[in-house]
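# Topology and contacts: notes
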Amino acid sequence: MESKRQLQKENTRRRIMEAAYQVYSAQGFTAATAAIAKEAGISHGAVFVHFPTLNELLTCLTQDFADRLGLELHELTEKSGDMEALLKSHLDILSRYEDFYIRLITEKSLLPEDAQTILAGLQTTAAYHFSQVLDREIKNRTVKAIPSHMAFNTWLGLVHYYLQNKDSFSPEGPLLLRYGPELTSTFLNLIQF
Amino acid sequence: MKTCIACGMPMKEAADFAGGDPEKDYCVYCARPDGTMQSFEEKKAGMTEFIVRTQGFDEKAAAKQAEDAMRMLPAWKEYFER
């Protein structure tokens, strides 16, 4: 019986996390917890049984997101042979979480300190995989000898600029689906011989 | 799936683990050449250097990020409780 109760508890917790992900993606991190409860189909008080503080909910949600994204990044580098495949896969992953990712990069200051640390770690993970492929391509002389940090920051800066200004670039639909190929080919043109 | 207790990296393949041993709780990047796990100071210095090299951060900011990240990992729990 205890395990069934435990399972129910875990299911409710997961439902709250999913609902929070949807609500924050659509409304940003200032959204009310009542909206999350409504989306999850539970009482407002039940949210706080599982997450006693808002900071705890935000930190758990960011950790869960970082774990998923980190694992996908890890897997893609193992498979990806070259820079083109890496960039395409990076955007492919981000596009699946586009609305939530935009909130993370534009509303970072609204997150608790632990969640900001998790987010910073996520970019370090991306930088790690990027540098692995870049170093290999520089050695093979298929890419110019650009310092790793400048190549990564140029790529991330480009992608984030478009995401941060989605309302101007792609107000009515997914941004990375529309601009991903152009961003990728432009960046490759800049770094390749 | 296991994640490295010292840096948080997911470990799926045997090659991800220290010494290629899936029984280990830490990854290949957190092991010294003799297979033992790096110390707190070694790991912090390594992570800081890595962040500076791959992201270009200011060294102090990179060291802070490294320490903040280590604070959340099981391998260094005791260090922060001191």
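Quick notes on the rules
Residues numbered from 1 in each chain as written. Chains lettered and ligands numbered in written order. Predicted model: local features only at pLDDT ≥ 70, side-chain atom pairs only at ≥ 80, totals over all residues. Heavy atoms only, no water. Domains from an automatic or database assignment. Contact = heavy atoms within 4.5 Å. Buried area = accessible area lost by both parts, 1.4 Å probe. Salt bridge = Lys/Arg side-chain N within 4 Å of Asp/Glu carboxyl O. Helix = DSSP H or I, 4+ residues; strand = E, 2+ residues; numbered from the N terminus. Nonpolar A, V, L, I, M, F, W, Y, C, P; charged D, E, K, R; others polar. Phe/Tyr/Trp six-rings, centres within 6.5 Å; stacked < 30°, edge-to-face > 60°. Buried < 20%, exposed > 50% of the residue type's maximum accessible area, 1.4 Å probe, protein only. Lys NZ or Arg CZ within 6 Å of the ring centre and 35° of its normal. Expected span 1.5 Å × (residues − 1). Bend = angle between axes of the 7 residues up to and from the residue.

Let us now look at the domain arrangement of chain A. Residue and element names in this part refer to chain A. Each assigned domain of chain A is listed with its residue range as follows: domain 1 (1–52) and domain 2 (53–191). For domain 1 and domain 2, the distance between their C-alpha centroids amounts to 27 Å. Facing 18 residues of domain 1, the contacting portion of domain 2 comprises 18 residues. Each partner contributes to the roughly 1600 Å² buried at the junction of domain 1 and domain 2, and carbon and sulfur atoms together form 70% of this total. In this structure, the connection of domain 1 to domain 2 is made through one salt bridge. Where the side of domain 1 that touches domain 2 is concerned, the elements lending two or more residues are α1 (2–27) and α2 (33–40). Top contributing element to the side of domain 1 that touches domain 2 by residue count: α1, with 10 residues. Along the lines of polarity and charge, the residues of the side of domain 1 that touches domain 2 split into 10 nonpolar, six polar and two charged.

Moving on, we come to the packing of aromatic side chains. In this structure the tally under the stated criterion is 19 aromatic pairs over all chains. Geometrically, the ring pair formed by Tyr128(A) and Phe50(B) is tilted, given 5.9 Å between the ring centres and 55° between the ring planes. Within this pair, whereas Tyr128(A) is found in helix α7 (residues 113–139), its partner Phe50(B) is found in helix α1 (residues 40–55), the two belonging to separate chains. For Tyr128(A), a relative accessible area of 16% puts it in the buried group. We classify Phe50(B) as buried; its relative accessible area is 17%. Between Phe169(A) and Tyr179(A), the aromatic rings sit 5.7 Å apart at their centres with planes inclined by 70°, giving edge-to-face as the arrangement. You can see Phe169(A) sitting in helix α9 (residues 166–169) and its partner Tyr179(A) sitting in helix α10 (residues 175–191), a full 10 residues away along the chain. An aromatic cluster is defined as three or more aromatic residues linked by ring pairs; in this entry it consists of Tyr21(A), Tyr24(A), Phe29(A), Phe65(A), Tyr97(A) and Phe100(A). Positioned above the aromatic ring of Tyr21(A) is the side chain of Arg68(A), whose terminal nitrogen or guanidinium carbon lies 5.7 Å from the ring centre.

This paragraph deals with α10(A). Residues and elements named next belong to chain A. Between its first and last C-alpha, α10 extends 23 Å over 17 residues, near the 24 Å set by a 1.5 Å rise per residue. Largest kink in α10: about 30°, centred on proline 181. For α10, every residue scored as buried is listed here: Leu175, Leu176, Tyr179, Gly180, Leu183, Thr184, Phe187, Leu188 and Ile191.

The next point concerns the side chain of Thr124(A). Relative to the elements of secondary structure, Thr124(A) occurs in helix α7. If near-sequence neighbours (up to four positions away) are discounted, Thr124(A) is found in contact with Phe50(B), Ile51(B), Gln55(B) and Gln65(B).

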